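Read off the chains here:
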Amino acid sequence: MDVAVLGATGMVGQRFVERLVDHPFFELVAVAASGRSAGKRYCEAAKWFIGEEMPAEVRDMVVKEVDPSKIKADIVFSALPSAVARKVEPEFAEAGFIVASNASAYRMAEDVPLLIPEVNPEHLDMIEVQQDRRGWDGAIITNPNCTTIMAVLSMKPIYDSFGIKEAFVVSMQGLSGAGYAGVPSMAIVDNVIPYIKGEEEKVEEEGLKILGSFNGSEIEPAEIRISASCNRVPVLEGHTEAVFIKAANEWGLEGVIEALREFKALPQELGLPTAPENPVVVREEPDRPQPRLDRYNQGGMAVAVGRIRRCPVLDFKYIVMGHNTIRGAAGASILNAELLKETRKL
Ligand SMILES: NC(=O)c1ccc[n+]([C@@H]2O[C@H](COP(=O)([O-])OP(=O)(O)OC[C@H]3O[C@@H](n4cnc5c(N)ncnc54)[C@H](OP(=O)(O)O)[C@@H]3O)[C@@H](O)[C@H]2O)c1
């Protein structure tokens, strides 16, 4: 299938490009960005920040405008700022494209799947509702906020085995989560910033939709209370989160560890190219996970969980960490598109 990346010059856009150039299902045929970049060669428009060389296949591609009439592809991956996504993603869906979006604009729309393929693959059925309601040939599917993904992926095996009544999530989020120009070095070096605009609300709301059930016409949100406190820390890549859980049913620490360790789901069964062998890797060392050591676990697609222990206030607590621009963004979105292709026979 032919695919294009919207917002291809940015932090997440580059991760898309890196992961799509050799993809077995998808052929990267176009890159698009703002009017500042359109018309330039990709190597002139994009300052390559993600290490190693910019892939040769993409260097000379001419960056296109973000306009459905200028792009020919089956799927567009969107790494656009949310305000831009709000306007253009429906235009692409209406023009017949599948839009696999990272942006927050439509995540909570009632007819848009908010997917983690290991957690709620059945929510893809919302596409039919969406297309009926909106009269689109294409569709928008979204992946969650990068902090939500790590927390909810680790909660899923616990939720299935023991239920969850309440959860606290305290994040320590890497700088790349704010984009290249995101946080000035003078603000973050030697510092922690205890505020990320809109982030806590996203973690608190998105998890309930993802763990909710789709009844054929709408999502019934999961009955969990989630409270989040989000912090920006001077780490380049990787979000680390302290999670505290009150279970809904009988639980035991060994059972929690086993549920996390053995967790596998549909992407693993289908052998999707981007799926990690184990979506959750359990670390036993007392000082893991750490972003520098654990962020590239299984190509950056697995989250690492460690320090699983009793909590004297709720029931138990642990640390989860994952790569925010891979598992939390581009890799997540590509996995969504792989799931769609394999299960809907696109
Ligand atoms: N970073 C993360 O970890 C992360 C995780 C999950 C979700 N997200 C979401 O993913 C999206 C991209 O984030 P990012 O961190 O990659 O941002 P970024 O580094 O600032 O990149 C933004 C991209 O959008 C393009 N763009 C900006 N304004 C535009 C316009 N008016 N029209 C068309 N294109 C425009 C930029 O092109 P130019 O280079 O031409 O300006 C660039 O390619 C955001 O919605 C963000 O919330 C990010």
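Scroll up to find the structure.
Predicted, not measured: the structure shown is a model, and the values here were computed from it.

**Remarks on the site of the ligand**
- Taken together, 28 residues lie near the ligand, and Thr9, Val12, Ser34, Ser37 and Leu80 sit nearest.
- Methionine 11 places a main-chain nitrogen or oxygen 2.9 Å from an oxygen atom of the ligand.
- A distance of 2.6 Å separates an oxygen atom of the ligand from a polar atom in the side chain of serine 34.
- Here the ligand loses 77% of its free accessible area of 910 Å² to cover by the protein chains.
- Placement of the ligand is best described as lying within the largest pocket.
- Secondary structure elements with two or more residues in the shell around the ligand: helix H1 (11–20), helix H4 (82–94) and helix H12 (326–344).
- Looking at side-chain class alone, the shell around the ligand contains 13 nonpolar, 13 polar and two charged residues.
- Each of domain 1 (2–144 + 330–344) and domain 2 (146–323) contributes no fewer than three residues to the shell around the ligand.

**Some remarks on the pairing of strand S13 (residues 303–310)**
- With three bridges joining them, strand S12 (residues 280–282) and S13 adopt parallel strand pairing. Residue pairing across strands places valine 280 opposite valine 303, the latter belonging to S13.
- If you look at the hairpin formed by S13 and strand S14 (residues 316–322), you'll find five residues sitting between the two strands.

**With respect to the sheet that holds strand S11 (residues 239–247)**
- Taken in spatial order, the six strands of this open sheet run S10-S7-S11-S14-S13-S12, and their pairing is mixed. A single partner strand is all that each edge strand has here, and the edge strands are strand S10 (225–232) and S12. Across this sheet, the average inter-strand angle for adjacent strands is 25°, counted without regard to direction.
- Lying over the sheet, helix H6 (residues 146–162) contacts strand S7 (164–173), S11, S12, S13 and S14, oriented at roughly 30° with respect to S11.
- Packed onto the sheet, helix H9 (residues 253–262) meets S12, S13 and S14 and runs at close to 175° relative to S13.

**A look at the packing of H6 against H9**
- Between H6 and H9, the least distance of the axes is 9 Å, while the angle of their chain directions is 125°. Considering the angle they form, H6 stands oblique to H9. Handedness of the crossing formed by H6 with H9: right-handed. Every residue of H9 that contacts H6 at Ser154, Pro157, Ile158, Ser161 and Phe162 is listed here: Gly255, Val256, Ala259 and Leu260.
- Looking at the contact of H6 with H9 residue by residue, the classes come out as six nonpolar, three polar and no charged.

**Concerning the nonpolar core**
- Core analysis: the biggest nonpolar cluster contains 42 residues, and Phe16, Leu20, Phe26, Leu28, Val31, Tyr42 and Phe77 have the highest contact counts within it.
- Secondary-structure elements contributing two or more residues to this core are strand S1 (2–6), H1, strand S2 (27–33), strand S4 (75–78), strand S5 (98–101), strand S6 (139–142) and H12.
- Per element, the largest residue contribution to this core is eight residues, and it comes from H12.
- Looking at which domains feed residues into this core, each of domain 1 (2–144 + 330–344) and domain 2 (146–323) gives three or more.
- Once residues lying within four places of it in the same chain are set aside, the contact partners of leucine 20 are Val3, Val5, Phe26, Leu28, Phe77 and Ile334.
- Ranked by size, the runner-up nonpolar core spans 41 residues in total, among them Ile149, Leu153, Ala247 and Phe316.

**Focus: unusual backbone geometry**
- The peptide bond linking arginine 288 to proline 289 adopts the cis configuration, its omega dihedral lying at 5°.
- Mapped onto the secondary structure, proline 289 falls in the loop between S12 and helix H11 (291–294).
- Of note in the backbone geometry, aspartate 190 takes a positive phi value of approximately 65° without being a glycine.
- As for its position among the elements, aspartate 190 is in the loop between helix H7 (185–188) and helix H8 (199–210).
- The exposure class of aspartate 190 is exposed, given its relative accessible area of 74%.

**A few points about the packing of aromatic side chains**
- With the rule as written, the count across this model stands at seven aromatic pairs.
- With a centroid separation of 6.0 Å and an interplanar angle of 65°, the aromatic rings of phenylalanine 26 and phenylalanine 77 are classed as edge-to-face. On the criterion of sequence distance, the pair formed by phenylalanine 26 in the loop between H1 and S2 and phenylalanine 77 in strand S4 is long-range, its members being 51 residues apart. Here phenylalanine 26 and phenylalanine 77 have matching classes, each one buried.
- Three or more aromatic residues link up through ring pairs in this structure, and these residues are Phe16, Phe25, Phe26 and Phe77.
- A cation over an aromatic ring shows up here: arginine 86 above the ring of tyrosine 106, its NZ or CZ 5.2 Å from the ring centre.
- The ring of phenylalanine 25 carries lysine 341 above its face, with NZ or CZ at 4.4 Å from the centroid.

Calculation criteria
- Residues numbered from 1 in each chain as written.
- Predicted model: local features only at pLDDT ≥ 70, side-chain atom pairs only at ≥ 80, totals over all residues.
- Heavy atoms only, no water.
- Near = heavy atom within 4 Å.
- Polar contact = N/O pair within 3.5 Å; in protein donor to acceptor, adjacent residues only side chain to side chain.
- Areas by Shrake-Rupley, 256 points an atom, 1.4 Å probe, with all protein chains shown as cover.
- 1 Å grid on protein atoms, 1.4 Å probe; cavity = no way out; pocket = protein on both sides within 12 Å on 5 of 7 lines; lining within 4 Å.
- Sits in = over half its atoms within 2 Å of the grid points.
- Helix = DSSP H or I, 4+ residues; strand = E, 2+ residues; numbered from the N terminus.
- Nonpolar A, V, L, I, M, F, W, Y, C, P; charged D, E, K, R; others polar.
- Domains from an automatic or database assignment.
- Pairing = 2+ DSSP bridges.
- Axes fitted to C-alpha atoms, helices over the stretch in contact; angles between N-to-C directions.
- Contact = heavy atoms within 4.5 Å.
- Parallel < 35°, antiparallel > 145°, perpendicular 65-115°, else oblique.
- Left-handed = near helix turned anticlockwise from the far one by under 90°.
- Core = buried A, V, L, I, M, F, W, Y, C linked by side-chain atoms within 4.5 Å.
- Buried < 20%, exposed > 50% of the residue type's maximum accessible area, 1.4 Å probe, protein only.
- Phe/Tyr/Trp six-rings, centres within 6.5 Å; stacked < 30°, edge-to-face > 60°.
- Lys NZ or Arg CZ within 6 Å of the ring centre and 35° of its normal.

Coordinates in, geometry out; function isn't part of it.
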